[in-house]
Amino acid sequence: MNRFTGRTVILTGAGGGIGRASCLRLASEGAKVVCMDIADTREETARLTTESGNEAGGSGVHAPIDITDPEGVKEAMAAVISEHGPIDALVNCIGGGQPLPSLEISESDFESMFEFNVKSVYRCCWAVLPHMAERKTGKIINFSSVAGRSASVLQGAHYSSSKAAVIGLTRHLAREFGPSGINVNVIAPGVTGTARIVAQMTPDQEARAIAATPLGRIGSPSDMAGVVAFLASDDARHVTGATIDVNGGCFLA
Ligand SMILES: NC(=O)c1ccc[n+]([C@@H]2O[C@H](COP(=O)([O-])OP(=O)(O)OC[C@H]3O[C@@H](n4cnc5c(N)ncnc54)[C@H](O)[C@@H]3O)[C@@H](O)[C@H]2O)c1
């Protein structure tokens, strides 16, 4: 089933674990995916995405973005819309944490965390929403975390707070832009085995996460990619403002 034939999706964080798996999955169902990232790994993702899209007519191209640069985000998104538009979906897959005990989190740690996890989503959405609203159609998928639904066992309180904020931002946009034909949803992954997390997690933390997960394993990037594809597709046409937990049933490890 090629749900994305003739559709174009922008994905930020395309060089990372969940981002890359999502690009490959979308292309395997026919999407043209614009793989955006600050890192050169986006080029490899675009190549693999084209390979993955081979049978379904999907493909990958890549473009740089630094989500900490407000003007740069506007320019990068405008260039992508002009070169590859119209854009049918935007997946905001950039984010990350910092494992600090609460009382060691400084003002500047807190601010950088919100800059990276929340304002990045704000910037990318604001750059693409006018284009989608004009077309009266679009799907936006943001990334929160189990930390934003419960509490993080690997990262600090500033991470949990920032990921709760992404849920609030998503709900608000869903309400405001529903009448413009735009669906805005958020995925809340549990512990997921991307390179960043595998490097951070101790064997003890991994064993505890698995033991606390009813489905008996930690998540994989492809577990997330399947849900990204669902939310970006017409199958999710009546889903908006939703937080989808993809955590094997584990809300606190
Ligand atoms: N992996 C997990 O266990 C897990 C759990 C819960 C939530 N999440 C969330 O899922 C999303 C993806 O996580 P992941 O583990 O795949 O991440 P990752 O670290 O593998 O990938 C993140 C990508 O963002 C890019 N990036 C970093 N700074 C950037 C910048 N300034 N501008 C542009 N790109 C930049 C990196 O180059 C990298 O390719 C994040 O929002 C994360 O918070 C992940």
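Up top you'll find the structure we're talking about.
Residues numbered from 1 in each chain as written. Predicted model: local features only at pLDDT ≥ 70, side-chain atom pairs only at ≥ 80, totals over all residues. Heavy atoms only, no water.

Caption draft 1: A look at the overall build of the protein chain. Summing up its helical and strand segments, the protein chain has nine helices and seven strands in all. Along the first, second and third principal axes, the C-alpha atoms of the protein chain reach 45 × 40 × 35 Å. Across the 253 residues that make up the protein chain, the buried fraction comes to 49%. Of the roughly 11100 Å² that the protein chain leaves accessible, carbon and sulfur atoms contribute 54%. Side-chain charges in the protein chain split into 21 positive and 26 negative, and the spacing between the mean points of these groups amounts to 7 Å. (Helix = DSSP H or I, 4+ residues; strand = E, 2+ residues; numbered from the N terminus. Buried < 20%, exposed > 50% of the residue type's maximum accessible area, 1.4 Å probe, protein only. Areas by Shrake-Rupley, 256 points an atom, 1.4 Å probe, with all protein chains shown as cover. Lys, Arg positive; Asp, Glu negative; His and termini not counted. Charge placed at Lys NZ, Arg CZ, Asp CG, Glu CD.)

Caption draft 2: The arrangement of the sheet that holds strand β6 (residues 182–189) in detail. In space, the seven strands of this open sheet follow the order β3-β2-β1-β4-β5-β6-β7, with parallel pairing throughout. The open sheet terminates on both sides in strands that have one partner only, identified here as β3 (59–64) and β7 (243–246). The sheet shows a mean angle of 20° between the axes of neighbouring strands, direction not considered. The sheet contact formed by β6 and β7 spans four bridges and is parallel. In the strand pairing of β7, Val 186 is matched with Thr 243. In this fold helix α6 (residues 157–177) packs onto β5 (138–143), β6 and β7, with an angle of close to 160° to the strand it touches most, β6. (Pairing = 2+ DSSP bridges. Axes fitted to C-alpha atoms, helices over the stretch in contact; angles between N-to-C directions. Contact = heavy atoms within 4.5 Å.)

Caption draft 3: The packing of helix α3 (residues 70–84) against helix α4 (residues 107–135), seen in detail. Where α3 meets α4, the closest approach of the two axes is 9 Å, and the angle between their N-to-C directions is 35°. The chirality of how α3 crosses α4 is right-handed. Two secondary-structure elements touch here, α3 through Pro 70, Val 73, Lys 74, Met 77 and Ile 81 and α4 through Arg 123, Cys 124, Ala 127, Val 128 and His 131. The residue makeup of the contact of α3 with α4, split by class, is seven nonpolar, one polar and two charged. (Left-handed = near helix turned anticlockwise from the far one by under 90°. Nonpolar A, V, L, I, M, F, W, Y, C, P; charged D, E, K, R; others polar.)

Caption draft 4: Local environment of the site of the ligand. Around the ligand sit 29 residues in total, of which Ile 18, Asp 37, Thr 192, Thr 194 and Arg 196 are the nearest. Between the ligand and Asp 66 there is a distance of 3.0 Å, counted from a nitrogen atom to a side-chain nitrogen or oxygen. Between the ligand and Lys 163, the relevant distance is 3.0 Å, taken from an oxygen atom to a side-chain nitrogen or oxygen of the residue. Its residues assigned to classes, the shell around the ligand shows 13 nonpolar, 12 polar and four charged. (Near = heavy atom within 4 Å. Polar contact = N/O pair within 3.5 Å; in protein donor to acceptor, adjacent residues only side chain to side chain.)

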